[in-house]
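A look at the structure
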Amino acid sequence: MKSRIIALAAVAAVAAVGFSQFGQSEEKPALKISGPFEFSSQDLSKDGYMFTRMQVVESLVAINKKGQVEPQLAIAWSVSPDDLTWTFDLRQGVTFHDGAILDAAAVKLALENARAKPGVIKRVPIAEIKADGAQLTIQLTKPYNPMLTVLAHYTVAIASPSSYNNQGVATSLAGTGPYQIEELVPPHKIHVTRYDNYWGEKANIEKVQYLAGHRAESRALLAQTGQADIVYTLDPASVAPLQQTESVEVVRESIPRTILLKLNNEHPYLNSYQTRQALSLALDRSGISQQIIRMPGSEAYQLFAPSLGAWHIENYAQSSRDLAKAKALLTSQGWQANEQGMLERGGEAFVVNLTTYSDRPELPVVATAIQAQLKEVGIQVDISIDNSSAIPAKHQDGTIELGLVARNFGATVDPLALLMKDFAEHKGSDWGPTNWSSQEFSQLLTDLSATKDAASYQKQAQQASQILAEQMPLIPITFYTQLVAVNKKVGNFSFDPFEINYRISEMTLND
């Protein structure tokens, strides 16, 4: 009991110290937001998601609440009959936060800077971008159907020319959104203030403050005590006490994000699909879903959630846990149990490292469950809990063995553009597969990028999803539900399932 009291006191102390960094508005109270995600720069290719969520920068097009593309900085667009020329008419009278006028030249510079960095636009077959007053033209070398969803992505948000240094990296971000940066202290703090010259409907709340906090229990305590008005990405264990807090409502939203195992598919222990299937069969997804995620029915036996339409296999035969079949598959790959029940092959034990991160509080707990479940078939899993940056770092240097991640496949609404980036080369991508490729799968992605007929698109997307479900270069575990604590004084709260926009300009703050 004494140790629990000490632990709670420590959490309270962390909360008090951390969130004393929330500034106090001398005029009107600020909306205070907490989430787990830190940022290191103003570079849109790395941290742009924070600046679209805080509504500092905007894109040519946006994704509305129905998941449809709608005008934003572009008011209209057209495509040539051969699908190679996209022409965008820009919104007139828009100014950046530094006072510069939005025109096609500014948009071209932003898109060219984005093309020079990692991001979904690198896979778009662009031959040339032309600027003429308020009209932007993108010339392609071949048809590319996901163009509009790519242009809604945070990595291609439009910043003022003054935002970029000589290397094309945004270092002093001035966007066109309803909020402008007031104070920025990486990696934790973003303060924004209403931009009164915004082209659209003005924000209701004058000031908004974001502060990152890794400890889920600390963030939950902030919601309970009213120190934060909105807290994103709650630990499922925090829901019960929050539901007993009269001033707080807990919002649950299903989103197209999947908790999955990222594998090094060339690791000598993981380089056969039979072994990967064995790992999948050894997982107790129902137990994880019910006891850790606390969302019964969220088990994932395929990568894509039902909300991703054509990519979700409606009648996919779900494979419940089957330890006997898992062991048989491992035996077929030459693994034998020793006297302690652990697997060996050629004198080597089946030991792998699993890296995950605490930014999403449920992941370390899920990792511990996976460790126990794989031990039942004789596999030893050593867990490394790090910052989220460890996943891309280990992918790049080739040291990743297993990574437990939460992957947003809806970042471009339709996952095609994201998949074309993830699977563009055998090495894979930071948050996608590692060292896996399939000629058939790659051809399907190429065909899909030029397919207009909805029925053909559906058929090809299903074939691509089936390949991933069978070969398992990534092993799905559960579909994701976002948990958000919202103080009842916040009015008109809504959640963006694509996690592009916090929609704070629509909210009100009522004391």
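Residues numbered from 1 in each chain as written. Predicted model: local features only at pLDDT ≥ 70, side-chain atom pairs only at ≥ 80, totals over all residues. Heavy atoms only, no water.

1. Things to note about the overall build of the protein
The number of helices and strands found in the protein is 14 helices and 21 strands. Expected size for 511 residues packed as a compact globule is a radius of gyration near 24 Å; at 24 Å, the protein falls within 12% of this value. Dimensions of the protein, computed from the C-alpha atoms along their principal axes, are close to 75 × 65 × 40 Å. Within the protein, residue pairs in contact and separated by at least 24 positions form 70% of the contacts whose partners lie at least 6 positions apart. Accessible surface for the protein amounts to roughly 21000 Å². Of this, 47% is attributable to carbon and sulfur atoms. Distance between charge centres in the protein, computed from 43 positive and 53 negative side chains, equals 2 Å. (Helix = DSSP H or I, 4+ residues; strand = E, 2+ residues; numbered from the N terminus. Rg over C-alpha atoms; globule rule 2.2 N^0.38 Å. Contact = heavy atoms within 4.5 Å. Areas by Shrake-Rupley, 256 points an atom, 1.4 Å probe, with all protein chains shown as cover. Lys, Arg positive; Asp, Glu negative; His and termini not counted. Charge placed at Lys NZ, Arg CZ, Asp CG, Glu CD.)

2. Remarks on the packing of aromatic side chains
Tallying each qualifying case throughout the model produces 18 aromatic pairs. Where Phe39 meets Phe51, the ring centres are 6.2 Å apart and the plane angle is 80 degrees; that geometry is what we call edge-to-face. One end of the pair, Phe39, is in the loop between strand 1 (31-35) and helix 2 (44-53); the other, Phe51, is in helix 2, and 12 residues separate them in sequence. Each member of the pair, Phe39 together with Phe51, is buried. Between Trp86 and Phe88, the aromatic rings sit 6.3 Å apart at their centres with planes inclined by 15 degrees, giving stacked as the arrangement. A connected cluster of aromatic rings, assembled from ring pairs, spans Phe304, Trp311, Phe409 and Tyr457. The ring of Tyr480 is capped by Arg360, whose NZ or CZ atom sits 5.1 Å from the centre of that ring. Sitting over the face of the ring of Phe409, Arg407 holds its NZ or CZ atom 6.0 Å from the ring centroid. (Phe/Tyr/Trp six-rings, centres within 6.5 Å; stacked < 30°, edge-to-face > 60°. Buried < 20%, exposed > 50% of the residue type's maximum accessible area, 1.4 Å probe, protein only. Lys NZ or Arg CZ within 6 Å of the ring centre and 35° of its normal.)

3. Concerning the pairing of strand 4 (residues 74-79)
Note: strand 4 against strand 5 (residues 85-90), 5 bridges, orientation antiparallel. Among the inter-strand pairings, Ser78 is bridged to a residue of strand 5, identified as Thr87. Count of turn residues in the strand 4/strand 5 antiparallel hairpin: 5 residues, of which Asp83 carries a positive phi of about 65 degrees. (Pairing = 2+ DSSP bridges.)

4. Comments concerning the domain arrangement of the protein
By domain assignment, the protein separates into domain 1 (28-56 + 177-247 + 488-510), domain 2 (58-163) and domain 3 (256-481). Computed over C-alpha atoms, the centres of domain 1 and domain 2 are 26 Å apart. If you look at the interface, domain 1 gives 20 residues, while domain 2 gives 18 residues. For the pair domain 1 and domain 2, the two sides together bury roughly 1600 Å², of which 60% comes from carbon and sulfur. Area buried by domain 1 at its contact with domain 2 is led by Leu44, Ser45 and Trp199, which between them contribute 37% of it. Run the count over domain 1 and domain 2 and you get 1 salt bridge. Across the salt bridge formed by Glu506 and Lys65, the nearest N and O atoms sit 3.3 Å from each other. Connecting domain 1 to domain 2 are 7 residue pairs in polar contact (both at pLDDT 80 or more). Within the residue set of the side of domain 1 that touches domain 2, elements represented by two or more residues are helix 2 and strand 8 (179-185). (Domains from an automatic or database assignment. Buried area = accessible area lost by both parts, 1.4 Å probe. Salt bridge = Lys/Arg side-chain N within 4 Å of Asp/Glu carboxyl O. Polar contact = N/O pair within 3.5 Å; in protein donor to acceptor, adjacent residues only side chain to side chain.)

5. Structural notes on the sheet that holds strand 4
Strand pairing in a sheet relies on backbone hydrogen bonds, with the paired strands running either antiparallel or parallel. Across the sheet, which stays open at both edges, the 4 strands sit in the order 4-5-7-6 with antiparallel pairing between neighbours. The sheet is open, and its two edges are formed by strand 4 and strand 6 (126-132), each paired on a single side. With strand direction ignored, the average angle separating the axes of adjacent strands in the sheet is 15 degrees. The strands touched by helix 3 (residues 104-115) within the sheet are strand 5, strand 6 and strand 7 (135-140), with strand 6 carrying the most contacts at an inclination of about 155 degrees. (Axes fitted to C-alpha atoms, helices over the stretch in contact; angles between N-to-C directions.)

6. Considerations on the sheet that holds strand 14 (residues 343-345)
The antiparallel open sheet is built from 3 strands, whose spatial order is 13-14-15. Looking along the sheet, the strands with just one partner apiece sit at the ends: strand 13 (336-337) and strand 15 (348-349). With 2 bridges joining them, strand 13 and strand 14 adopt antiparallel strand pairing. In the strand pairing of strand 14, Gln336 is matched with Glu344.

7. Description of the pairing of strand 10 (residues 207-212)
Counting buried positions over the 6 residues of strand 10 gives 6, a clear majority of the element. Direction of pairing for strand 1 relative to strand 10: parallel, over a ladder of 5 bridges. Counted as the bridge partner of Gly35 is Ala212 from strand 10. As defined by bridge partners, strand 9 (residues 189-194) adjoins strand 10 across 5 bridges and the pair is classed as antiparallel. In the sheet register, Ile190 faces strand 10, and the bridge partner there is Tyr210.

8. Remarks on the side chain of Thr52
With respect to the element layout, Thr52 can be found in helix 2. Among the polar contacts made by the side chain of Thr52, one reaches the main-chain carbonyl oxygen of Tyr49 at a distance of 3.2 Å. The contacts of Thr52, once residues within four sequence positions are left out, are Val57, Tyr154, Ala157, Ile500 and Asn501.

9. A closer look at unusual backbone geometry
Residue Pro187 is bonded to the preceding Pro186 through a cis peptide linkage, with omega at 5 degrees. Secondary-structure assignment places Pro187 in the loop between strand 8 and strand 9.

10. Here we look at the environment of His395
Considering the arrangement of structural elements, one finds His395 in helix 11 (residues 390-397). Sequence separation of His395 and Gly428 is 33 residues, and the distance between their C-alpha atoms is 8.6 Å. Within the structure, His395 has its side chain in polar contact with the side chain of Lys262 (distance 3.1 Å).

11. So, the nonpolar core
Across soluble globular proteins, nonpolar side chains have a tendency to be buried as a group. Membership of the largest hydrophobic core comes to 152 residues, with the highest contact counts inside it found for Leu111, Ile138 and Trp311. In this structure, Leu111 is in contact with Leu60, Ile121, Ile129, Leu136, Ile138, Leu151, Val156 and Ile158, ignoring residues within four places of it in sequence. (Core = buried A, V, L, I, M, F, W, Y, C linked by side-chain atoms within 4.5 Å.)

12. Quick notes on the pattern of salt bridges
Evaluation of the coordinates by the stated rule reveals 13 salt bridges. Where Asp196 meets Arg194, a salt bridge forms, and the shortest distance between an N and an O atom there is 3.4 Å. With relative accessibility at 21%, the residue Arg194 sits in the partly exposed group. Asp229 is the partner of Lys489 in a salt bridge, and the nearest nitrogen-oxygen pair spans 3.4 Å. A residue pair is termed long-range when its members are at least 10 positions apart, and Lys489 in the loop between strand 19 (474-487) and strand 20 (490-491) and Asp229 in the loop between helix 5 (216-225) and strand 11 (230-231) qualify at 260 residues.

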